[in-house]
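Tertiary structure, described
Residues per chain are reported as follows:
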Amino acid sequence: MHVTLDTMVDTLKAAAESSRLRILVLLSRGDLTVSDLTEILGQSQPRVSRHLKLLLDAGLIGRYQEGSWAFFRLSDTDASRDFVQRLVSGVREADPQVVRDLERLAAVKRKRQDRAAEYFSENAASWDRIRSLHVPDRAVEAALLKLVGKRPFQSMLDLGTGTGRLLEIFAPLYRRGVGIDMSREMLTVARANLDRAGVANAQVRQGDIFSPPVERNAFDLVTIHQVLHYLDDPARAIGEAARLLRPSGRLVIVDFAPHNLEFLRDQHAHMRLGFSDRQIADWFEEAGLDLEDSQEFEPRGQAEARLTVKLWLGRDRRLLIADPSNDALPAKTYPMGETA
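Residues numbered from 1 in each chain as written. Predicted model: local features only at pLDDT ≥ 70, side-chain atom pairs only at ≥ 80, totals over all residues. Heavy atoms only, no water.

What about the packing of aromatic side chains?
Throughout the structure, instances matching the rule amount to one aromatic pair. Relative to Trp 283, the ring of Phe 275 lies with its centre 5.9 Å away and its plane at 70°, an arrangement referred to as edge-to-face. With a relative accessible area of 1%, Phe 275 lands in the buried category. The aromatic ring of Phe 71 is capped on one face by Arg 272, whose charged end is 4.9 Å from the ring centroid. (Phe/Tyr/Trp six-rings, centres within 6.5 Å; stacked < 30°, edge-to-face > 60°. Buried < 20%, exposed > 50% of the residue type's maximum accessible area, 1.4 Å probe, protein only. Lys NZ or Arg CZ within 6 Å of the ring centre and 35° of its normal.)

Encoded structure:
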């Protein structure tokens, strides 16, 4: 893509200021709000907002609204993103100002994650009850079982496993199941639930969804159930999940459609107010996955629980070639082992 000389000069002018260049460096690490940038840069909100406007006008960054919060990110256009990435790659991370900015950025992200972790810890024992206020669990679980089918497979990974419910319902199908969660309290609940259900072919362990302590290219099925809306960077989580799939493996995501229930953010640590089909499809595309199916579950129950649940299925594009370990397992070991 070629641009005019005047356009290039305007773009360079927009980036050629220390605060705006610092903003580009920060946004290259993830989406941030005005409040986040104000805290990191140590500048007033009006001043930060002016810098953001100039970068927006130059097409170097983008803005999107979620409820009362506005997030800023690098531009979605390939030319602008490539230009910014080349620009920030030339900034020395050892520069004292950049070091301080990245330290403050890490602190902002820790605060976000601490809020979510605190919420999980405080509500570990009653998580199933809280989730039932917003999600028609039985309908979603029935759809998940139908979508995945009855053919046995080798391995499953549940990211943000919570109470371990998905590991429980898919246990007859997989030979090895792993659940990852950051909360020790939640893992205690999951272990108790799996023991109670007699599930011996699954284990749960503590770990970060952005760097799970498991091998890559190893799982036939990866699930992310009602987790994305708690995350600072959902796209990164999807990309990491995709790298864990075997060729032709499947990623299943369950979360909310876009909504405006601000109390979920204020009281329940939701970072994102739902996701559109377009967002998920774009993130799947970036991760090398094909979106194979999307299902919707209309809200029901009390008036305050006006949430639509969505289910998305993505598949790894690589072909699985003659892998004996992926053949159907003996029916006597897996009673639901009939072919699909």
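Looking at the nonpolar core
Soluble, globular proteins show a tendency: their nonpolar side chains are buried together. Core analysis: the largest hydrophobic core is formed by 31 residues, its most contacted members being Leu 144, Met 156, Phe 170, Tyr 174 and Leu 311. Broken down by secondary-structure element, the contributors of at least two residues to this core are α8 (137–148), β4 (153–159), α9 (165–170), α10 (184–196), β6 (202–206), β8 (245–256) and β10 (309–316). Per-element accounting of this core gives the leading share, five residues, to α8. Discounting chain neighbours no more than four positions away, the residues touching Leu 144 are Leu 166, Phe 170, His 225, Val 252, Val 254 and Leu 311. By size, the runner-up hydrophobic cluster in this structure holds 28 residues, among which are Phe 219, Ala 237, Ile 238 and Phe 284. (Core = buried A, V, L, I, M, F, W, Y, C linked by side-chain atoms within 4.5 Å. Helix = DSSP H or I, 4+ residues; strand = E, 2+ residues; numbered from the N terminus. Contact = heavy atoms within 4.5 Å.)

Looking at the pattern of salt bridges
Pairing is possible between side chains that carry opposite charge, provided their charged atoms lie close to one another. A complete count under the given rule lists 17 salt bridges for this structure. Here Arg 176 ties to Glu 215 by a salt bridge, and the two come within 3.0 Å at their closest N and O atoms. Here Arg 176 is found in strand β5 (residues 174–181), whereas its partner Glu 215 is found in the loop between β6 and β7 (219–225), with 39 residues between them in sequence. In this structure Arg 176 comes out as partly exposed when scored by relative accessible area, which is 32%. According to the relative accessible area criterion, Glu 215 is partly exposed, its value standing at 39%. In this structure, the salt-bridge partner of Arg 315 is Glu 292, at a minimum N-O distance of 2.8 Å. Residue Arg 315 is located in strand β10, and its partner Glu 292 is located in strand β9 (residues 289–297); the two are separated by 23 residues in the primary sequence. The class of Arg 315 is partly exposed, set by a relative accessible area of 25%. Judged by its relative accessible area of 44%, Glu 292 is partly exposed. (Salt bridge = Lys/Arg side-chain N within 4 Å of Asp/Glu carboxyl O.)

Notes on the sheet that holds β5
Read from one edge to the other, the open sheet built from seven strands follows the order β6-β5-β4-β7-β8-β10-β9, with strand pairing classed as mixed. The open sheet has two edge strands with one neighbour each: β6 and β9. Pairwise comparison of adjacent strand axes, ignoring direction, gives a mean angle of 15° for this sheet. Where β7 lies against β8, six bridges are found, and the strand directions are parallel. Across the sheet, the residue bridging to Val 222 is Leu 251, located in β8. Strands β4, β7, β8, β9 and β10 of the sheet are contacted by helix α11 (residues 234–243), whose axis makes an angle of about 150° with β8. (Pairing = 2+ DSSP bridges. Axes fitted to C-alpha atoms, helices over the stretch in contact; angles between N-to-C directions.)

Thoughts on the pairing of β6
Note: β5 against β6, five bridges, orientation parallel. Residue pairing across strands places Ile 180 opposite Arg 205, the latter belonging to β6. Considered for its hand, the β-α-β crossover made up of β5, α10 and β6 is right-handed. (Right-handed = clockwise from strand over helix to strand, strands pointing away.)

So, the packing of helix α2 (residues 18–27) against helix α3 (residues 34–41)
When two helices pack together, their arrangement is given by the angle between the helix axes and by the axis-to-axis distance. Packing of α2 against α3 brings their axes to within 11 Å, and their N-to-C directions diverge by 120°. Here α3 runs oblique to α2, going by the angle between their axes. Every pair of crossing elements has a handedness; the one defined by α2 and α3 is right-handed. Across the interface between the two elements, Arg 22, Ile 23 and Leu 26 from α2 touch Leu 37, Ile 40 and Leu 41 from α3. Residue composition of the contact of α2 with α3, grouped by class: five nonpolar, no polar and one charged. (Parallel < 35°, antiparallel > 145°, perpendicular 65-115°, else oblique. Left-handed = near helix turned anticlockwise from the far one by under 90°. Nonpolar A, V, L, I, M, F, W, Y, C, P; charged D, E, K, R; others polar.)

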